[in-house]
Amino acid sequence: MTPPVVLTIAGSDSGGGAGIQADLKTIAALGGYGVSVVTAITAQNTLGVTGIHPIPIEMVEAQLEAVLGDFPVAAVKVGMIGDRKVAELILGLGERLPNLVVDPVLVATSGAKLADAAQVGPLLAYGCILTPNRQEAAALTRSPVETAEEMISAAVRLAEAGPRAVVVTGSELAVDVLRHGGETTILRGEAVATRNNHGSGCTFSSALATRLAFGDDVPTAVSAAKRYVTAALRGGREWRLGAGPGPLNHFA
């Protein structure tokens, strides 16, 4: 059986735990075929980000045209875009980017700022599935998002901007909030005691895109992605890779 093609549009993490690297591992682990468009190169490890080099928009566009001109892309995950022009480029491609999942990568696990809300803003009105964590939801709504109740409020507010669905992920709370079709669903899971959570947001969004590529509806895909991230966190919790927060075990 030919695997569905999942495109990741994101930044490169030289430490391998997040970004393009985490996306491609996730897609492969779930049975998809990953293709990629690199938007930025980061100098990064488990301790933090020491450098960011955005890819020129012309090269981002060339990568997109090369991929879309040859592969039957079934779903797309957007992570770190690096430049507002990339968001505008994505918007201009419309239906050529089906099942679009947008992870608004604003801050790395280490705390390094990777983008701001204004760069991601144009994508909010697109019919995508938006997957911010609590910190990113707070930046996008300009309101605190700490509790489950505040996560619900943020999901509703963000859904009003036009996304197909919104999933506010709760990270260590093990609680996610899905707003889809005018309904709000609270997804409770298993909290995994681990410091190795670098790239968990990238992993969730790429897992979600992969399940959509296989034909899952949104609630089913969200639940499957949540279970996958939990298993990956559990599988890597004993790892000692680097001196800071380490990666997940994507093939657990």
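Scroll up for the structure.
Every chain begins its residue count from 1, and numbering advances along the sequence as written. In keeping with the predicted nature of the model, local features appear solely for residues at pLDDT of at least 70, side-chain atom pairs appear and are counted solely at 80 or more, and the whole-chain, interface and lining totals rest on all residues. Side-chain descriptors were evaluated using all non-hydrogen atoms of the structure, hydrogens and water having been removed beforehand.

Asks: Give me the lowdown on the overall build of the chain, citing residues and values where you can.
Replies: A tally of helices and strands in the chain yields 8 helices and 9 strands. A radius of gyration in this sense is built from C-alpha atoms; the matching globule rule multiplies 2.2 Å by the number of residues raised to 0.38. Against the 2.2 N^0.38 benchmark of 18 Å for 252 residues, the chain shows a C-alpha radius of gyration of 16 Å, consistent with a compact globule. Burial classes follow relative accessibility: with a 1.4 Å probe on protein chains only, a residue under 20% of its type's maximum area counts as buried, one over 50% as exposed, and anything between as partly exposed. Residue burial in the chain is summarised as follows: out of 252 residues, 52% are buried. Contacts were defined at the residue level, with two residues in contact if any of their heavy atoms lie within 4.5 Å. Taking as baseline every contact in the chain between residues at least 6 positions apart, the subset at least 24 positions apart corresponds to 68%. Summing over all exposed atoms, the chain offers an accessible surface of approximately 10600 Å²; the carbon and sulfur share of this is 53%. The way it works is that DSSP assigns letters per residue, a run of H or I at least four long becomes a helix, a run of E at least two long becomes a strand, and they are numbered from the N terminus. Accessibility throughout is a Shrake-Rupley quantity obtained with a 1.4 Å probe, and a residue counts as covered only by protein chains that appear here.

Asks: Explain the state of the cysteines to me, and be specific about the residues and the numbers.
Replies: Note on disulfides: each one is a pair of cysteine sulfur atoms within 2.5 Å. Evaluation of the coordinates by the stated rule reveals 0 disulfides. Considering cysteine sulfurs only, C202 is the nearest to C128, which forms no disulfide, with 16 Å between them. The class for C202 is buried, based on a relative accessible area of 11%.

Asks: Any details on the sheet that holds strand β1 (residues 5-13)? Residues and values, ideally.
Replies: Strand pairing is defined by DSSP finding a minimum of two bridges between the two strands. In space, the 9 strands of this open sheet follow the order β3-β2-β1-β4-β5-β6-β7-β8-β9, with mixed pairing throughout. In the strand order of this sheet, the two ends are held by β3 (48-54) and β9 (183-188), each with one partner. Sheet topology note: the strand β2 (residues 33-45)/β3 ladder contains 6 bridges and is antiparallel. Within β3, the position partnered with I41 by the bridge is H53. The axes are straight lines fitted to the C-alpha atoms, using for helices just the contacting stretch, and the angles between their N-to-C directions are given from 0 to 180°. Where helix α7 (residues 200-213) meets the sheet, its contacts fall on β1, β4 (73-78), β5 (100-102), β6 (129-130), β7 (165-168) and β8 (175-180), and the angle it forms with β4 comes to roughly 165 degrees.

Asks: Explain the packing of helix α1 (residues 19-29) against α7 to me, and be specific about the residues and the numbers.
Replies: The N-to-C vectors of α1 and α7 enclose an angle of 40 degrees; their axes lie 9 Å apart at closest approach. In terms of their interaxial angle, α1 and α7 are classed as oblique. Considering the relative orientation of α1 and α7, their crossing is right-handed. Along the contact surface, α1 presents G19, A22, D23, T26 and I27, while α7 presents C202, T203, S206, A207 and T210. If an angle is under 35 degrees, it is roughly parallel; if it is over 145, roughly antiparallel; if it lies from 65 to 115, roughly perpendicular; otherwise it is oblique. Here a crossing is called left-handed whenever its near helix is offset anticlockwise from the far helix by less than a right angle, and right-handed whenever the offset is clockwise.

Asks: Just give me the short version of the nonpolar core, but keep the residues and values in it.
Replies: Most often, soluble globular proteins keep nonpolar side chains buried together rather than apart. Residue types Ala, Val, Leu, Ile, Met, Phe, Trp, Tyr and Cys, when buried and joined through side-chain atoms within 4.5 Å, form a set referred to as a nonpolar core. Counting 37 residues, the largest nonpolar core has L7, L64, V78, L97 and L100 as its most contacted members. Excluding anything up to four places from it in sequence, L7 contacts V35, S36, V37, L64, V67, L68, V73, A75, V76, K77 and L97. Listed in part, the 25 residues of the second largest apolar core include L187, V192, L208 and L212.

Asks: An account of the side chain of H198 is requested, with residue identities and associated values reported.
Replies: Mapped onto the fold, H198 is located in the loop between β9 and α7. The exposure class of H198 is buried, given its relative accessible area of 8%. The definition of a polar contact used here is a pair of N or O atoms within 3.5 Å, where within protein one atom must be able to donate a hydrogen and the other to accept one, and adjacent residues in sequence count solely through side-chain atom pairs. There is a polar contact of 3.5 Å between the side chain of H198 and the side chain of Q44.

Asks: Outline the packing of aromatic side chains, supporting the account with residue identities and numerical values.
Replies: The aromatic pairing rule takes the rings of Phe, Tyr and Trp, using the six-membered ring of Trp, and pairs them if the centres are within 6.5 Å, calling planes under 30 degrees apart stacked, those over 60 edge-to-face and the rest tilted. On inspection of all chains with the given rule, the structure shows 1 aromatic pair. For the ring pair Y33 and F71, a centre distance of 6.1 Å and an interplane angle of 25 degrees mean the geometry is stacked. Of this pair, Y33 sits in strand β2 while F71 sits in the loop between α2 (57-68) and β4; the two residues are 38 residues apart in sequence, bridging distant segments of the chain. The partly exposed category is assigned to Y33, whose relative accessible area is 41%.

Asks: Account for helix α5 (residues 134-141), naming residues and giving values.
Replies: When we look at burial in α5, the residues that qualify are R134, E136, A137, L140 and T141. Along the axis of α5, the buried residues cluster in a sector spanning 160 degrees; they form a single face. Put simply, N133 is the residue that caps the front of α5, since its side-chain oxygen is 3.1 Å from the backbone nitrogen of Q135. Just beyond α5, the residue with positive phi is R142, at close to 60 degrees. For this quantity, the arc is that covered by the directions from the helix axis to the C-beta atoms.

Asks: Before we move on, can you summarise helix α8 (residues 218-236) with the specific residues and values?
Replies: Taking 1.5 Å as the rise per residue, α8 with 19 residues should run 27 Å; its terminal C-alpha atoms sit 27 Å apart, in good agreement. Along α8, the residues that are buried comprise V218, A221, V222, A224, A225, K226, Y228, V229, T230, A232, L233 and G236. On the buried face of α8, the contacting elements are α1, β6, β7, β8, β9 and α7. By this rule the span expected of a helix is its residue count minus one, scaled by 1.5 Å.

Asks: An account of the packing of α7 against α8 is requested, with residue identities and associated values reported.
Replies: Geometrically, a packed helix pair is captured by the angle between its two axes and the distance between the axes. Between α7 and α8, the shortest axis-to-axis distance is 8 Å and the interhelical angle comes to 140 degrees. By the criterion of interaxial angle, the relationship of α7 to α8 is oblique. Note that α7 runs across α8; the crossing there is right-handed. Contacts between α7 and α8 involve S200, T203, F204, A207, L208, R211 and L212 on the former and, on the latter, V218, A221, V222, A224, A225, K226, Y228 and V229. Ten residue types, Ala, Val, Leu, Ile, Met, Phe, Trp, Tyr, Cys and Pro, are classed as nonpolar, four, Asp, Glu, Lys and Arg, as charged, and the remainder, Gly among them, as polar. Considered class by class, the residues forming the contact of α7 with α8 number 11 nonpolar, 2 polar and 2 charged.

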